[in-house]
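The residues making up each chain are set out below.
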Amino acid sequence: MRLTFKLIGYPIKHSLSPWIHQTFFERTGLEGSYTLHEIPGEAVFEEEIKKLRDAEVNGFNITAPYKQTIIPYLDRMDVTAERVGAVNTVSLEGNEWVGYNTDGIGYVQALRDKFSDMDRNKDVSILLLGAGGAARGIFHGLIQAGYTNLTLANRTTSKCEDIILGYQSSVITLAEAEENLAAYDVIIQTSSVGMNEAKQIIDLKNLRKDTIVSDIVYQPLDTQFLKQANEKGGRTHYGHTMLLYQAQKAFEIWTNQPVDVYGMDEEMIAKIKGDQ
Ligand code: ATR
């Protein structure tokens, strides 16, 4: 059977997802296509979604700005997507559309693959900076992977309180994070600060050497935040891996087959740098 997958969102013309999934098709030997289905505004969302229903596509990804808009069109959601309150992957299962969120678990997998000490020790102290949709996804990805020692910091701390509701985690201000930075083993920058601009959410002057520092921003790949982390002796991790690993998890949900991302990280870096 030839599989049909789509990506919906706006704008998506420069998305690397078709290349990623084409590579997955080649690696698994499965036959199919992954193409863009751009939806240029909320006004036409319903009719475009109906087209995907009628076409009986096997699955699709949802990117900004529709990760919540899609929810009323689903028959079910898995527990992670329910907790995150956003869906990036839909799978046709029987006659039902089932919603998943692979962004957070994908990102956490990327970190564990790169840093084996993080994979071994679930008690590492982890600081999340920012409290938007990405932070919520990564928070639940960390919880699901068994990490227990989580602290959230944000300009608006009430948004952190909303995210940790029902879980044992701490909330601090950005100033406190900056001051007490040496207390953390892993620091994950989840906000949009630094995207196409030379700005940082906090200064890393107090960073302890060898701390793992990750930034989800990948335009540019080498954000000012990661540059400073490097200068301070941090072990840095680039944001494009979220895109790669969420795609891997989505492909596995759709096909029930494991797929290897080996070597794709470097190819993506070259593609993203080529765009800059
Ligand atoms: P998302 O798309 O992930 O849902 P977003 O709206 O891009 O989220 O914002 C993500 C985070 O960036 C938020 O935590 C936001 O802080 P507030 O909750 O206080 O608004 C943070 N953010 C954006 N610009 C910022 C800035 N200049 N300084 C500090 N934090 C900033």
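Small disclaimer: the values here were computed from a predicted structure and weren't measured. As a convention, each chain's residues are numbered from 1 in the sequence order in which they are written. Local features are withheld for residues below a pLDDT of 70 in this predicted model, meaning they are given only at 70 or higher, and side-chain atom pairs are given and counted only at 80 or more; totals for whole chains, interfaces and linings count all residues. In computing side-chain values, all of the structure's heavy atoms are included and hydrogens and water are not.

## Quick notes on the packing of aromatic side chains
Phase 1: Each pair of aromatic rings taken from Phe, Tyr and Trp, with Trp reduced to its six-membered ring, is defined by centres within 6.5 Å and is described as stacked if the planes are under 30 degrees apart, edge-to-face if over 60, and tilted in the remaining cases. Taken as a whole and judged by the stated rule, the model has ten aromatic pairs.
Phase 2: When the ring of tyrosine 34 is compared with that of tryptophan 254, the centres are 6.3 Å apart and the planes differ by 40 degrees; the resulting orientation is tilted. Taken together, the residues tyrosine 34 in strand S2 (residues 32-38) and tryptophan 254 in helix H10 (residues 240-255) connect sequence positions 220 residues apart. Across the pair, tryptophan 254 and tyrosine 34 agree in class, each one buried.
Phase 3: Relative to tyrosine 167, the ring of phenylalanine 139 lies with its centre 5.6 Å away and its plane at 80 degrees, an arrangement referred to as edge-to-face. Of the two residues, phenylalanine 139 sits in helix H6 (residues 133-144) while tyrosine 167 sits in the loop between helix H7 (157-164) and strand S9 (170-172), which places them 28 residues apart along the sequence.
Phase 4: Partly exposed residues are those whose accessible area sits between 20% and 50% of the maximum for their type, while under 20% is buried and over 50% is exposed, using a 1.4 Å probe and protein chains only. Given the relative accessible area of 26%, tyrosine 167 is considered partly exposed.
Phase 5: Through pairs of rings, three or more aromatic residues link up here, namely Phe5, Phe24, Phe25, Tyr34, Phe251 and Trp254.
Phase 6: Charges are assigned to positions over rings by a cutoff of 6 Å between ring centre and Lys NZ or Arg CZ, combined with an angular limit of 35 degrees from the ring normal. Sitting over the ring of tryptophan 97, arginine 53 keeps its end group 4.3 Å from the ring centre. Strands here mean DSSP runs of E at least two residues long; helices mean DSSP runs of H or I at least four residues long; both are numbered from the N terminus.

## Details of the nonpolar core
Phase 1: Here, nonpolar core means buried Ala, Val, Leu, Ile, Met, Phe, Trp, Tyr and Cys residues that are tied together by side-chain atoms lying within 4.5 Å of each other. In this structure, Met118, Ile126, Leu128, Ile138, Leu142, Tyr147 and Ile188 are the most contacted members of the largest nonpolar core, which totals 25 residues.
Phase 2: Looking at this core, the elements with two or more residues in it are helix H4 (103-114), strand S7 (126-129), H6, strand S8 (150-153), H7 and strand S10 (186-189).
Phase 3: For this core, the leading source of residues is H6, giving four residues.
Phase 4: Filtering out sequence-adjacent residues up to four positions away, isoleucine 188 remains in contact with Tyr107, Leu111, Ile126, Leu127, Leu128, Leu129, Ile138, Leu142 and Ser214. Residue contacts are counted whenever heavy atoms from the two residues lie within 4.5 Å of one another.

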